[in-house]
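Understanding the architecture of this molecule
Spelled out from the first residue to the last, the chains are:
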Amino acid sequence: MTKIAKNTICLWYDNDAEGAAQFYAETFPDSSVGAVHRAPGDYPSGKEGDVLTVEFTVIGIPCIGLNGGPAFTHNEAFSFQVATEDQSETDRYWNAIVGNGGQESECGWCKDKWGISWQITPVVLTKAYTSPDRVAAKRAFDAMLTMKKIDIAAIEAAFRG
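The rules behind these values
Along every chain, residues carry numbers that run from 1 in the direction the sequence is written. Thresholds applied to this predicted model are a pLDDT of at least 70 for local features of residues and 80 or more for the giving and counting of side-chain atom pairs; totals over whole chains, interfaces and linings are not thresholded and use all residues. The basis for every side-chain value is the complete set of heavy atoms in the structure, and neither hydrogens nor water enter the calculation. We call Phe, Tyr and Trp rings a pair once their centres come within 6.5 Å, taking the six-membered ring for Trp, and we label the pair stacked below 30 degrees between planes, edge-to-face above 60, and tilted otherwise. Every helix listed is a DSSP run of H or I at least four residues long, and every strand listed is a run of E at least two residues long, numbered separately from the N terminus. Burial classification: accessible surface area is computed with a 1.4 Å probe over protein chains only, and a residue below 20% of its type maximum counts as buried, one above 50% as exposed, and the rest as partly exposed. Between two residues, a contact is recorded if the distance between any of their heavy atoms is within 4.5 Å. A pair of strands is treated as paired once DSSP finds two or more bridges between them.

**Some points on the packing of aromatic side chains**
Per the stated rule, a full pass over the model turns up eleven aromatic pairs. Ring centres of phenylalanine 78 and phenylalanine 80 lie 5.2 Å apart, and the angle between their planes is 85 degrees; on these two criteria the pair is classed as edge-to-face. Look at phenylalanine 80 and tryptophan 118: their rings are 4.7 Å apart centre to centre, the planes differ by 25 degrees, and that puts the pair in the stacked class. Note that phenylalanine 80 is positioned in strand E5 (residues 79-84) and tryptophan 118 in strand E8 (residues 117-122), a separation of 38 residues in sequence. The pair formed by phenylalanine 80 and tryptophan 118 is uniform in burial state, with each residue classed as buried. Through a chain of ring-to-ring contacts, the aromatic side chains of Phe23, Tyr24, Phe28, Phe56, Phe78, Phe80, Tyr93, Trp114 and Trp118 assemble into a single cluster.

Dropping the structure here:
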């Protein structure tokens, strides 16, 4: 048994927590798959020996994936927010998530194929909309509202006016 984290995010999956964990580990830095635990007996959505939980880390955050079945689904009330440094990094994460069966949303949000929401948020955007220059901040914010994946050059241009 691995060391149990004091605070862990538990994500409910229909049946593919291990696949999700592997995707996250392959996609994001400081991410890995830890222990895979199999059910000691039959349970409502699975059988003895099925993968029940998977310990994994996403960009340094400890998580447990629980194969709990179809009873609950994810929504935007929970998301991972990933701060990106440039357009290349923004594109890489966005394209990995959307290109692996995920879907685009608005304002830098997308969902992976397991229904987990992600905010792929360039640092430039955060600095722009939190700027003390509230007029420039509003221009950048308004530009963001028209986007799916964030276009850093367009945010910078809007901020400059």
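**Considerations on the environment of valine 123**
Mapped onto the secondary structure, valine 123 falls in helix H3 (residues 123-129). Spatially, the C-alpha atom of valine 123 lies 13 Å from that of phenylalanine 141, the residues being 18 residues apart in sequence. Look past the residues within four positions of valine 123 in its chain and what remains in contact with it is Ala83, Thr84 and Glu85.

**Quick look at the sheet that holds strand E6 (residues 103-104)**
The mixed open sheet is built from four strands, whose spatial order is E5-E8-E7-E6. The sheet is open, and its two borders are formed by E5 and E6, each paired with just one other strand. In this sheet, strand E7 (residues 109-111) lies alongside E6 in antiparallel orientation, the contact comprising two bridges. Across the sheet, residue glutamine 103 finds its bridge partner in E7, namely lysine 111.

Honestly, that's just the spatial picture; any functional story needs more than this.
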